[in-house]
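Fold and geometry: a report
Chain residues, written in single-letter form:
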Amino acid sequence: MVDLEKAPPGRSPEGEPVPRADGEGCLVVAVRLPVRIVALVLVLPVRMAWDALVVAGRFLRDTVLRPVGRALAWLGRALFVWPLVGLWRYVVVPVAKGVGWLGNVLLVVPAVWVYRWVLTPAGRALAWCCAGVGAVLTALGRGLYAGLAWLARHLVVVPAGWLYAWVLTPIGHLLAWCGRGLARCGRGVLWCLGKVVTGIGAVLYWTLRILLVLPALAVWRWVLAPVGRALAVVGRELLDALGHAWRIAGHLSRAVGRALAALFRWTVAEPARWVYRSVLTPVGHAVRDTVLRPLAEAARAAGRAGRQALRSARLSVRQARADLRRTLFGEPERTPSVDRREPSGAKARTLGSSTTALTKD
């Protein structure tokens with residue numbers, strides 16, 4: 001029959017407790033919450049201090065380190081990069097081009113000429129001479145090789161073949177027969193020694209197994225493995241607790257930071273903004289309109305009057321100096337200036353008179 005009633009979680013349909021799929025027992029679940037609470041209490045100050053250090057570091061980076069870095073980078077470019085670039089562009093490159101051109105003219109062109117018109121003909125002549133000498137030496141070597149090969153065949157190869165066929169082969173067969181007999185005797189001795197060694201090894205194996213392996217296996221199976229599992233569970237729970245505590249501490253630290261930021265904004269920033277917008281700005285505008293602008297207009301008017309007075313004084317001094325010069329030295333003679341370029345009106349009148357003369361003719 002089909003059981004229509006749903007079994008409670010953690011129990012079988014017969015009412016017996018069922019172990020969890022992940023291997024966690026009731027003790028682990030009961031210990032987990034206190035461990036996480038203790039870990040949260042211990043980790044929360046560390047996380048808040050870490051977040052404070054992060055905020056201070058970012059503020060220091062944005063307000064101090066980054067401008068100082070940019071200034072040092074600009075100073076480094078001004079002191080090192082730009083002088084080196086100018087030295088490379090306006091000193092090293094022209095000097096290198098001049099040295100390259102000079103080397104090309106003094107070394108490369110003469111070397112190419114010597115190679116093309118001296119070394120190449122000499123090399124070809126030497127190669128032709130070497131080819132003739134090589135052909136003569138090749139013919140001599142072939143004849144000498146044929147004679148030596150005939151002598152080696154009749155003096156070394158043929159006697160060596162006879163010696164191998166009629167002396168060494170029978171001796172080798174005899175030695176092989178003796179070796180096979182000795183090998184059979186050695187195999188029997190080795191079989192006996194193998195049986196003895198096998199018995200001794202079996203005795204030692206069972207002695208070591210009973211005295212060392214089985215006790216070590218029992219200690220591993222019934223002591224070390226349970227202790228290791230318990231330590232693994234404890235370590236996993238501690239790591240999980242620290243992770244949860246770090247994340248929860250992060251949320252709490254973020255909430256505290258936002259609360260402090262809001263408190264600073266509503267107690268310092270907003271009142272300062274209101275004072276600047278509602279008090280200082282109208283006062284500044286009033287001071288500018290009632291004091292600064294009239295003072296500026298008066299200063300500009302005084303400046304214009306002073307400049308006009310100085311201009312009048314300079315004109316008076318210049319006129320007095322000219323009158324004194326005319327009184328002492330007389331009126332200077334003026335030579336009429338002759339303009340070599342004909343004015344446009346005279347040019348037009350000349351063209352008009354020439355056209356009238358042509359019509360009369």
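Reading the values: the criteria
Residues numbered from 1 in each chain as written. Predicted model: local features only at pLDDT ≥ 70, side-chain atom pairs only at ≥ 80, totals over all residues. Heavy atoms only, no water. Patch = residues over 30% accessible without salt bridge, like charges linked within 9 Å, V, L, I, M, F, W, Y side chains within 5 Å. Areas by Shrake-Rupley, 256 points an atom, 1.4 Å probe, with all protein chains shown as cover. Salt bridge = Lys/Arg side-chain N within 4 Å of Asp/Glu carboxyl O. Lys, Arg positive; Asp, Glu negative; His and termini not counted. Charge placed at Lys NZ, Arg CZ, Asp CG, Glu CD. Helix = DSSP H or I, 4+ residues; strand = E, 2+ residues; numbered from the N terminus. Phe/Tyr/Trp six-rings, centres within 6.5 Å; stacked < 30°, edge-to-face > 60°. Buried < 20%, exposed > 50% of the residue type's maximum accessible area, 1.4 Å probe, protein only.

1. Focus on a positive patch on the surface
- Residues Arg-304, Arg-307, Arg-311, Arg-314, Arg-318, Arg-321 and Arg-325 make up a contiguous surface patch of positive charge.
- Secondary-structure assignment places Arg-325 in helix 1 (residues 26–329).

2. Observations concerning the packing of aromatic side chains
- Considering all chains together, one arrives at two aromatic pairs under this definition.
- Ring geometry for Trp-74 versus Trp-82: centroids 6.2 Å apart, planes at 90°, classification edge-to-face.
- Residue Trp-74 is classed as partly exposed on the basis of its relative accessible area of 47%.
- Here Trp-82 falls in the partly exposed class, since its relative accessible area comes to 47%.
- An angle of 75° between the planes, with centres 5.4 Å apart, marks the rings of Tyr-205 and Trp-206 as edge-to-face.

3. Side note on the pattern of salt bridges
- Considering all chains together, one arrives at seven salt bridges under this definition.
- Two residues, Arg-273 and Glu-270, come together in a salt bridge whose shortest N-O distance is 3.4 Å. Of the two residues, Arg-273 and Glu-270 are both situated in helix 1; the distance of three residues between them amounts to about one turn of the helix.
- We classify Arg-273 as partly exposed; its relative accessible area is 45%.
- Judged by relative accessible area, Glu-270 falls into the partly exposed class, the value being 23%.
- The residue Arg-288 makes a salt bridge to Asp-289 at a minimum N-O spacing of 3.4 Å.
- Within the structure, one salt-bridge network assembled from shared partners comprises Arg-61, Asp-62 and Arg-66.

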